[in-house]
Amino acid sequence: MADDTSGVRPLSPHLQIYRWQVPMLTSILTRITGNALIVSALLWVWWLLAAATSPEAFATADGFLTSWFGDLVMTLSVLGLWYHYLAGLRHLIYDAGRGLDIPTAEKLGWACIIGSVVLTVLTLIIV
Amino acid sequence: MRYLTDRKRAVGKGAAGTGTEHHWYMQVSAVGLALIVPTFIIIAGRALGSDHASVLETFSHPIPAILTALVLVVGLQHFRRGAQIMIEDYWHGTTKKAALIFTTVFSYGLTATGLFALAKIAL
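Residues numbered from 1 in each chain as written. Chains lettered and ligands numbered in written order. Predicted model: local features only at pLDDT ≥ 70, side-chain atom pairs only at ≥ 80, totals over all residues.

Regarding its fold elements, chain A presents four helices and zero strands. Helices (α) and strands (β) of chain A occur, in sequence order from the N terminus, as α-α-α-α. Whereas a compact globule of 127 residues would reach a radius of gyration of roughly 14 Å, chain A reaches 21 Å, over 25% beyond that. Each of the three principal axes of chain A carries a C-alpha extent, and together these read 80 × 30 × 25 Å. Every one of the 127 residues in chain A was classed for burial, and the buried ones make up 26%. In chain A, 69% of the contacts between residues at least 6 apart in sequence involve partners at least 24 apart. (Helix = DSSP H or I, 4+ residues; strand = E, 2+ residues; numbered from the N terminus. Rg over C-alpha atoms; globule rule 2.2 N^0.38 Å. Buried ≥ 20, exposed ≤ 12 C-beta atoms within 10 Å, placed from the backbone. Contact = placed C-beta atoms within 7 Å.)

Okay, structure coming up:
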């Protein structure tokens, strides 16, 4: 090697040893929540169809969705929905070319995480 | 001779020559959903857990019914195109095609099912 710069060249990020940071965490969470919400949609449409079909079908679907497991899934759905909501708004800000500097991006990331928890708690209180 | 200017042919296309429609659709549907989803969460959340008669009563009113229809149609199209991005990022070849077809069929199927249920209750 005529020009050995292996000690000074920047390394490309290696995912297993890369320290997690707010922007990357909040970015992947947007994708995960958005795609996971299809489960919530499927369950909710099942419940609506059951309500439209018969009291017996409704009792089955409603029984599942209001059980402790159903409550857990629906609470996580609301959390995922609010998170995706806030992260989507953040995307609109980013796409307008604003908030892309690292301090602002990190603040917006925290706003998505904390905001989604706060909105979920508020939703559970109101509903 | 072409009467279109170079600029006119370039506007609206990305480097791939296509794809900007997808991005614009996601932005428009995101804003639309941002307007209706908070109210929908309250309506759907309150209906969930009430008895059968109250559920039928709720979704026979115009505003809950219209909001639900909009969330079903716009929300699931937003999902379809969002999932498309994920699929195109992680899968290739036949797997990608199969996943895209499945997502499309599933989204329309779920929308149609939801709209049928809603229509049966509301009308």
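Read on, since the account is not over.
Looking now at the overall build of chain B. A count of helical and extended segments in chain B gives five helices and zero strands. Going from N to C terminus, chain B has its helices and strands arranged as α-α-α-α-α. Counting only C-alpha atoms and orienting by the principal axes, one finds that chain B spans roughly 65 × 35 × 25 Å. Residues counted as buried form 23% of the 123 residues belonging to chain B. Taking the contacts inside chain B whose residues are at least 6 apart along the sequence as the reference set, 68% of them involve residues at least 24 apart.

With that settled, the discussion passes to the nonpolar core. A general feature of soluble globular proteins is that nonpolar side chains tend to end up buried together. The biggest cluster of nonpolar side chains holds 38 residues, and the ones touching the most others in it are Leu48 and Ala51 of chain A. At the level of elements, α1 (22-53), α2 (55-65), α3 (68-95) and α4 (102-126) of chain A together with α2 (20-47), α4 (62-90) and α5 (93-122) of chain B are the ones that each hand at least two residues to this core. With nine residues, the single largest contributor to this core is α1 of chain A. Residues within four places of Leu48 of chain A in sequence aside, it is in contact with Gly114, Ala117 and Leu118 of chain B. (Core = buried A, V, L, I, M, F, W, Y, C linked by C-beta atoms within 7 Å.)

Tallying the contact residues gives 28 residues for chain A and 26 residues for chain B. Elements that contribute at least two residues to the side of chain A that touches chain B include exactly α1, α2, α3 and α4 of chain A. Taken together, the residues that form the side of chain A that touches chain B break down as 21 nonpolar, five polar and two charged. (Nonpolar A, V, L, I, M, F, W, Y, C, P; charged D, E, K, R; others polar.)

Bringing α3 of chain A into the picture now. Given a rise of 1.5 Å per residue, 28 residues ought to cover 40 Å, and the 40 Å separating the end C-alpha atoms of α3 of chain A matches this to within 8%. A positive backbone phi angle near 85 degrees is found at Gly97 of chain A, which sits one or two residues after α3 of chain A. (Expected span 1.5 Å × (residues − 1).)

All names here are of chain A. For the pair α1 and α4, the least separation of the axes is 9 Å and the interaxial angle reads 45 degrees. When the axes of α1 and α4 are compared, the pair comes out oblique. Like other packed secondary-structure pairs, α1 and α4 cross with a definite hand, here left-handed. Taken together, the residues of α4 that come into contact with α1 (itself represented by Val22, Pro23 and Thr26) are Ala105, Glu106, Gly109, Trp110, Cys112 and Ile113. Each residue belonging to the contact of α1 with α4 can be placed in one class, and the counts come to six nonpolar, two polar and one charged. (Axes fitted to C-alpha atoms, helices over the stretch in contact; angles between N-to-C directions. Parallel < 35°, antiparallel > 145°, perpendicular 65-115°, else oblique. Left-handed = near helix turned anticlockwise from the far one by under 90°.)

Moving on, we come to the packing of α4 of chain B against α5 of chain B. Between α4 of chain B and α5 of chain B, the least distance of the axes is 10 Å, while the angle of their chain directions is 175 degrees. Judged on the interaxial angle alone, α5 of chain B and α4 of chain B are roughly antiparallel.

Next up on the list: α5 of chain B. Spanning 30 residues, α5 of chain B covers 43 Å between terminal C-alpha atoms, matching the ideal 44 Å at 1.5 Å per step. Those residues of α5 of chain B not exposed but buried are Thr103, Ser107, Leu110, Thr111, Gly114, Ala117, Leu118 and Ile121 of chain B. Each element contacted by the buried residues of α5 of chain B is listed here: α1 of chain A together with α3 (52-58) and α4 of chain B.

Moving on: the environment of Tyr108 of chain B. With respect to the secondary-structure elements, Tyr108 of chain B resides in helix α5. Classification of Tyr108 of chain B as partly exposed rests on a count of 14 C-beta atoms within 10 Å.

Once that is clear, we can look at the environment of Leu37 of chain A. Residues and elements named next belong to chain A. Locating Leu37 in the fold gives a position in helix α1. Along the backbone, Leu37 and Ser77 are 40 residues apart, and their C-alpha atoms lie at a distance of 6.5 Å. The contact partners of Leu37, leaving out residues within four places of it in the chain, are Ser77, Gly80, Leu81 and His84.

Moving on, we come to the confidence of the model for chain B. Residue and element names in this part refer to chain B. Counting all residues, the mean pLDDT for chain B is 91, and 95% of those residues have values of 70 or more. Here helix α1 (residues 6-10) stands out as the element of chain B with the lowest mean pLDDT, 79, in contrast to α5, whose mean of 96 is the highest. In the predicted assembly, ipTM is 0.85 and pTM is 0.85. (pLDDT = per-residue confidence, 0-100.)

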